[in-house]
Amino acid sequence: MTNILSILIFVPFILSLPLIFFRKENETLTKVYAFIVSLVPFAISVYLFLAFNPASGDYQFVEKFKWIQAINTQYFLGIDGISMLLIVMSTFMFPLAILASWSSVTKNHKGFYFLLLLLDAGLIGVFASLDLILFYIFWEIILIPMYFIIGIWGSEDRIYATVKFFLYTMFGSLLMLIGIIWLGFVCLPFTGGQFTTDITQLTEIAYRIPADKQIILFILFTLSFLIKVPLFPFHTWLPDAHVQAPTAGSVILAAVLLKMGTYGLIRFSLPLFPSAFIKLTPYISTLAVIGIVYGALLSIVQKDVKKLVAYSSVSHLGFIVLGTFALTDVAMQGSVIQMINHGLSTGALFMIVGVLYERRHTKAISEFGGIMKIMPVFSVIFIIVVLSSIGLPGLNGFVGEFLILVGSFYSTNLGTNAYAIVSTTAVILAAVYLLWMFQRVMLGPVENEKNANLKDLSGREVASFIPILVFIIWIGVHPNTFLSKTESTVKKIIDNFHENSKKLGMEKELEKKLSEKK
């Protein structure tokens, strides 16, 4: 199918425009229409998944033509195995987020669902862009709907959370913009004096960028991505944004938006700045491990169930960053599949928090207890998602974390297995904070009378969880369905990195690390 990526990007935006003309009182029609529209990009992404050739590590479904001729910027789209999986996960989560927020959005339904569909379009654009300027435009577009979703439909402290989210994200975006412009000028001697923002062209000449400039450019790009992840110590905006965001906002923020940062590390920081990537690995890997343990410890002491889940993201995303900087096929495969796993499990956890909040209008753990007796269907879904997030073998979370830890343990780039060993403690801590939270919320006697008559999940709510549970089990039992789609892509990224390293003579640094490890 010609121009399928453009269709995928613009369909949710174009089809969302009629929402503007819906009558305000037609709330049900607005919800149904938004849900149906959100299924269209998901259906197209399923076609991409089935038509994608996993044997090739090259970009597929490529669309390329001149866009801004003055600066040689192109409308350049294409996907590899990594971006394809992230697009599928993104389009998969939006219909479920709409179902999950069906009754929780109580004002301005047209605006809410229009912004949600605009967010869908922007995220697809981020993962499909192969020109830095085009990527940056989609990156910035996403800030707009998320700003209003939290600021208008959020909880009582939504303005504070929105401003904090905006300032952190905008600061990171400005760093990236400076990096993009500077990179284009730094590469002028290697492109025949022609300014370019073509990722494929820049990757081919990356090894020729002077080492001192690589470090500065790497910092500009990587700081932007680490703020978005977010990695310790840039994480402080995340708990506030999650706690104040409406259910759909939290689900999409956790499941998809945070992956923009980890995706950026793999797509840009790694291939464009190979020398800086190796030199700064110890510092970023150390921050990743601190974040893994620190996020888990903070989760243990939380009294707000939504904030607990938010801090757990800081810990889980630290694993993904560590796997990326391990620079092994196994660890990077683990990082990619863990992006999907975190999206499913943590997205479901925020949906679960939304169910509790809709019924009790509180997120305080102390307000619950004994819910299992009142809501048995909800309890079964809750425990499966909790075990998935912990990393129980047979469920999706185990696959990603295991591959990351194994790949990091023997990583030459990391230079020591201490990173993997310390990170393993977070697996135990995850069991502590998640099972203890489940115990306090779901088990024991019903001591609070307000919990005695809570309604179990409705058919709509069950329908929003079932697809996630299917993939939680599917990935846990047969991960190769998805790992096979990224194997060639990951191999090509790492092979290209080592090829550039050899051209730079950096293989001596890697050999030195290996000898020190032995």
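Values in this document were obtained by computation on a predicted structure and should not be read as measured data.

What counts as what
- Residues numbered from 1 in each chain as written.
- Predicted model: local features only at pLDDT ≥ 70, side-chain atom pairs only at ≥ 80, totals over all residues.
- Heavy atoms only, no water.
- Core = buried A, V, L, I, M, F, W, Y, C linked by side-chain atoms within 4.5 Å.
- Buried < 20%, exposed > 50% of the residue type's maximum accessible area, 1.4 Å probe, protein only.
- Contact = heavy atoms within 4.5 Å.
- Helix = DSSP H or I, 4+ residues; strand = E, 2+ residues; numbered from the N terminus.
- Polar contact = N/O pair within 3.5 Å; in protein donor to acceptor, adjacent residues only side chain to side chain.
- 1 Å grid on protein atoms, 1.4 Å probe; cavity = no way out; pocket = protein on both sides within 12 Å on 5 of 7 lines; lining within 4 Å.
- Points joined across faces, edges and corners; volume = space filled by probe spheres on them.
- Nonpolar A, V, L, I, M, F, W, Y, C, P; charged D, E, K, R; others polar.
- Pairing = 2+ DSSP bridges.
- Patch = residues over 30% accessible without salt bridge, like charges linked within 9 Å, V, L, I, M, F, W, Y side chains within 5 Å.
- Areas by Shrake-Rupley, 256 points an atom, 1.4 Å probe, with all protein chains shown as cover.
- Salt bridge = Lys/Arg side-chain N within 4 Å of Asp/Glu carboxyl O.
- Phe/Tyr/Trp six-rings, centres within 6.5 Å; stacked < 30°, edge-to-face > 60°.
- Lys NZ or Arg CZ within 6 Å of the ring centre and 35° of its normal.

**Q** Could you give an account of the nonpolar core, with specific residues and numbers?
**A** Ranked by internal contacts, the top residues of the largest apolar core, which has 174 residues, are Met93, Leu183, Phe378 and Phe382. Setting aside its immediate chain neighbours within four residues, Leu183 contacts Leu132, Leu202, Ile209, Leu217, Phe221, Leu272 and Phe273.

**Q** Any chance you could break down the side chain of Asp240 for me, citing the residues and the numbers?
**A** Within the secondary structure layout, Asp240 lies in helix H9 (residues 237-244). Residue classification places Asp240 among the buried residues on the basis of a relative accessible area of 18%. One polar contact links Asp240 to Lys164, side chain to side chain, over a distance of 3.0 Å. In this view, Asp240 contacts Tyr160, Ala161 and Lys164; residues no more than four positions away in its chain are not counted.

**Q** I'd like a rundown of empty space enclosed by the protein, residues and numbers included.
**A** Vacant regions in the atomic arrangement are exposed by a probe of water-molecule size rolled over the atoms. Per the stated rule, a full pass over the model turns up 3 cavities of 30 Å³ or more. When its volume is computed, the largest cavity comes out at roughly 60 Å³. Along its surface, the largest cavity is lined by His316, Gln338, Asn341, His342, Ser345, Thr346, Ser388, Ser389, Asn396, Gly397 and Glu401. For the lining of the largest cavity, the per-class residue count stands at no nonpolar, 10 polar and 1 charged. Of the voids in this model, the second largest cavity is the one considered here, and its volume is about 50 Å³.

**Q** Before we move on, could you go through the pairing of strand E2 (residues 73-79) and cite the residues and values that matter?
**A** Taken across its 7 residues, E2 has 7 buried, putting it largely inside the fold. Here E2 shows a buried face lined by Thr73, Tyr75, Leu77 and Ile79 and a second buried face lined by Gln74, Phe76 and Gly78. From the end of strand E1 (residues 60-68) to the start of E2, which pair antiparallel, there are 4 residues, and Asn72 there has a positive phi angle of about 55°.

**Q** I'd like a rundown of a nonpolar patch on the surface, residues and numbers included.
**A** Taken together, the side chains of Phe10, Phe13, Ile14, Leu15, Leu17, Ile20 and Phe21 make up a nonpolar region of the molecular surface, amounting to roughly 630 Å² of accessible area. With respect to the element layout, Phe10 can be found in helix H1 (residues 4-16). With a relative accessible area of 35%, Phe10 lands in the partly exposed category.

**Q** Now, about the packing of aromatic side chains: what can you tell me, with residues and values included?
**A** Within a pair of aromatic rings, the relevant descriptors are the distance that separates the centres and the angle that separates the planes. Summed over the entire model, instances satisfying the criterion amount to 29 aromatic pairs. Note on Tyr147 and Phe148: the rings are 5.2 Å apart at their centroids and 90° apart in plane angle, and the pair reads as edge-to-face. What makes Tyr147 partly exposed here is its relative accessible area of 30%. Taking the relative accessible area as the measure of exposure, Phe148 reaches 36% and is therefore partly exposed. Taken together, a centroid distance of 5.3 Å and an interplanar angle of 65° make the contact between Phe185 and Phe195 edge-to-face. In this pair, Phe185 is assigned in helix H6 (residues 158-186) and Phe195 in the loop between H6 and helix H7 (199-204), connecting sequence segments 10 residues apart. Classification of Phe195 as buried rests on a relative accessible area of 16%. A cation over a ring is seen here: Arg440 above Trp436, with NZ or CZ 3.7 Å from the ring centre. Sitting over the face of the ring of Phe49, Lys485 holds its NZ or CZ atom 4.6 Å from the ring centroid.

**Q** Which residues make up the environment of Phe35, and what are the values?
**A** Looking at where Phe35 falls in the secondary structure, it is placed in helix H2 (residues 27-51). For Phe35, a relative accessible area of 22% translates into the label partly exposed. Beyond its immediate stretch of four places on either side in the chain, Phe35 contacts Pro95, Ile98, Leu99 and Trp102.

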